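Structural description and commentary
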Amino acid sequence: MNLYKTWSTTASQHKGFLICLLGLTVLFSGCSSMPVPKLAAGTSDPAAVALLEQAQQAHGKAAFNAIKDINVSYTGKWFNLITRIQPAITDPAYRQTSEERMLMQDGLIAQIHSGPSGDKTVIEDQRKVAIWYNGQPHSSPAQMAASHLVLHAYQLFLYPAFYVQRASQLELAGSSVVGGRDCDNVLAVLRPGIGSSVEDRVLVCVDRQDKLVRRVWLTLEGSEPSKGAVVGVDHDKFVQVGGVTWPTHFYETVVRPFAGLPAHDFSLSGIDLNRGLSKADFAQGKFSPLAAKPATLLPASK
């Protein structure tokens, strides 16, 4: 498994992690894994479809479907060990805060990440990705794949009940408890997958009482070093903006191969909708003044 190889290489390069590696290998030898689909390929369970519909309604389906563009900002903290295991995905020198834009009808996603080394701009248009570091184009295959994965993962984290609507297969996958709340799980098979992968699986944990999505698990097949890995993101501190209920706090951990390893603690610091953006606002990797305007801060962030 590539993630094990990456971990082992990192540990050998950083002697201080070798003891940690050995300890974690023992501690997490019985690690969790993503459920495997039981139904025939391309087949969905009506009960799973109905549960996903309930989650969409709880999050504000009609209002969400009317959105033209979504503008958000994030701030957060990477945990040190994950940045050494997955440096291309975490890219911590650039990915500390971000401004992100999603054109819901035009198939364009754009991110500007900022960190101690400067800015990283990533734009996807019709599944084609381009990257700039401090204004200079960048084209290494590893970083292209990792950045493409991140683009899609952050859509998934923000609105999972709507993101997995495109799944080719949906089925019920048992239950779970998230933050003390009972949840029913929907397993979604995505083809194409997240980023540039052919296929990924997403487990969506739907609160049994209020039908909000409380947790997602996802496979990371779109980047060579992360293939075979599964991460989980817990959602809380929900707010309603534009008739949609959004999570604002996200806590990411590794589910497989090292279950429970902290990865990223981050928050939605701002959001606004329907600025009237178009693809012209992102020409040649540059955000127009309308696109570059920071997302409207949430009350807790002001």
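Here's what I pulled together on the structure shown here.

Brief notes about the overall build of the chain
A count of helices and strands for the chain gives 9 helices and 15 strands. Expressed as a percentage of the 302 residues in the chain, the buried residues total 51%. Partitioning the contacts of the chain with sequence separation of at least 6, the portion at a separation of at least 24 is 59%. For the chain, the accessible area works out to roughly 13,100 Å², and carbon and sulfur atoms hold 56% of it.

Some thoughts on the pattern of salt bridges
As enumerated under the stated definition, the model contains 13 salt bridges in all. A salt bridge links Glu-99 to Arg-101, with the nearest nitrogen and oxygen atoms 2.8 Å apart. No difference in accessibility class separates Glu-99 from Arg-101, as the two residues are buried. Put simply, Asp-125 and Lys-279 hold a salt bridge, and the shortest N to O gap is 2.9 Å.

Describing the packing of aromatic side chains
The tally for this structure, following the rule as stated, stands at 13 aromatic pairs. Between the aromatic rings of Tyr-74 and Tyr-154, the centroid separation amounts to 5.4 Å while the plane-to-plane angle is 80°, which identifies the pairing as edge-to-face. Highlighted residues: Tyr-74 in strand β1 (residues 69-78) and Tyr-154 in helix α7 (residues 141-158), separated in sequence by 80 residues. Measuring from ring centre to ring centre gives 5.2 Å for Tyr-154 and Phe-157, while their planes differ by 65°; the resulting arrangement is edge-to-face. With Tyr-154 and Phe-157 both in helix α7 and 3 residues apart, this pair spans about one turn of that helix. Phe-157 matches Tyr-154 in its accessibility class, with the two residues each being buried. Through pairs of rings, three or more aromatic residues link up here, namely Tyr-74, Tyr-154, Phe-157, Phe-250 and Phe-266.

As for the layout of surface pockets
Space inside the largest pocket adds up to approximately 580 Å³. Taken together, 22 residues line the largest pocket, and the ones lying closest to its centre are Met-104, Gln-155, Tyr-159, Tyr-163 and Arg-166. Counting residues per element, the ones that place at least two in the lining of the largest pocket are α4 (61-65), β2 (97-103), β3 (108-115), α7 and α8 (160-163). Top element by residues in the lining of the largest pocket is α4. It accounts for 3 residues. Class assignment for the residues of the lining of the largest pocket results in 10 nonpolar, 8 polar and 4 charged.

A closer look at empty space enclosed by the protein
According to the stated counting rule, one finds 5 cavities of 30 Å³ or more in the structure shown. Of the pockets and cavities examined, the largest cavity occupies roughly 210 Å³. What lines the largest cavity is a set of 21 residues, and nearest its centre among them are Trp-78, Ile-89, Leu-220, Val-231 and Glu-252. Listing elements by their share of the lining of the largest cavity, those giving two or more residues are α6 (87-90), α7 and β14 (249-256). Ranked by residue count, the leading element in the lining of the largest cavity is α7, at 5 residues. Its residues assigned to classes, the lining of the largest cavity comprises 15 nonpolar, 3 polar and 3 charged. Of the pockets and cavities examined, the second largest cavity occupies roughly 90 Å³. If you trace the second largest cavity, you find 13 residues lining it, with Arg-95, Gln-96, Ser-98, Tyr-154 and His-264 closest to the centre.

Here we look at the environment of His-264
With respect to the helices and strands, His-264 occurs in strand β15 (residues 261-273). Separated by 184 residues in sequence, His-264 and Asn-80 place their C-alpha atoms 9.5 Å apart. With residues up to four places along the chain from it excluded, the contact list for His-264 reads Gly-76, Lys-77, Trp-78, Phe-79, Tyr-154, Phe-250, Tyr-251 and Glu-252.

Some details on helix α3 (residues 46-59)
Here α3 spans 20 Å end to end across 14 residues, near enough to the 20 Å set by a 1.5 Å rise per residue. Among all positions in α3, only Ala-48, Leu-51, Leu-52, Ala-55, Gln-56 and His-59 are buried. Burial along α3 is one-sided: seen end-on, the buried residues are contained in an arc of 145°. Sitting at the head of α3, Asp-45 places a side-chain oxygen 2.9 Å from the backbone nitrogen of Ala-47.

Examining the environment of Ser-168
Residue position: Ser-168 is located in the loop between α8 and β7 (169-178). Separated by 22 residues in the primary sequence, Ser-168 and Leu-190 have C-alpha atoms spaced 5.9 Å apart.

Topic: the side chain of Gln-56
Here Gln-56 lies in helix α3. In this structure Gln-56 comes out as buried when scored by relative accessible area, which is 2%. In this view, Gln-56 contacts Lys-61, Ala-161, Phe-162 and Gln-165; residues no more than four positions away in its chain are not counted.

The rules behind the values
- Residues numbered from 1 in each chain as written.
- Predicted model: local features only at pLDDT ≥ 70, side-chain atom pairs only at ≥ 80, totals over all residues.
- Heavy atoms only, no water.
- Helix = DSSP H or I, 4+ residues; strand = E, 2+ residues; numbered from the N terminus.
- Buried < 20%, exposed > 50% of the residue type's maximum accessible area, 1.4 Å probe, protein only.
- Contact = heavy atoms within 4.5 Å.
- Areas by Shrake-Rupley, 256 points an atom, 1.4 Å probe, with all protein chains shown as cover.
- Salt bridge = Lys/Arg side-chain N within 4 Å of Asp/Glu carboxyl O.
- Phe/Tyr/Trp six-rings, centres within 6.5 Å; stacked < 30°, edge-to-face > 60°.
- 1 Å grid on protein atoms, 1.4 Å probe; cavity = no way out; pocket = protein on both sides within 12 Å on 5 of 7 lines; lining within 4 Å.
- Points joined across faces, edges and corners; volume = space filled by probe spheres on them.
- Nonpolar A, V, L, I, M, F, W, Y, C, P; charged D, E, K, R; others polar.
- Expected span 1.5 Å × (residues − 1).
- Arc of directions from axis to C-beta.
- Polar contact = N/O pair within 3.5 Å; in protein donor to acceptor, adjacent residues only side chain to side chain.

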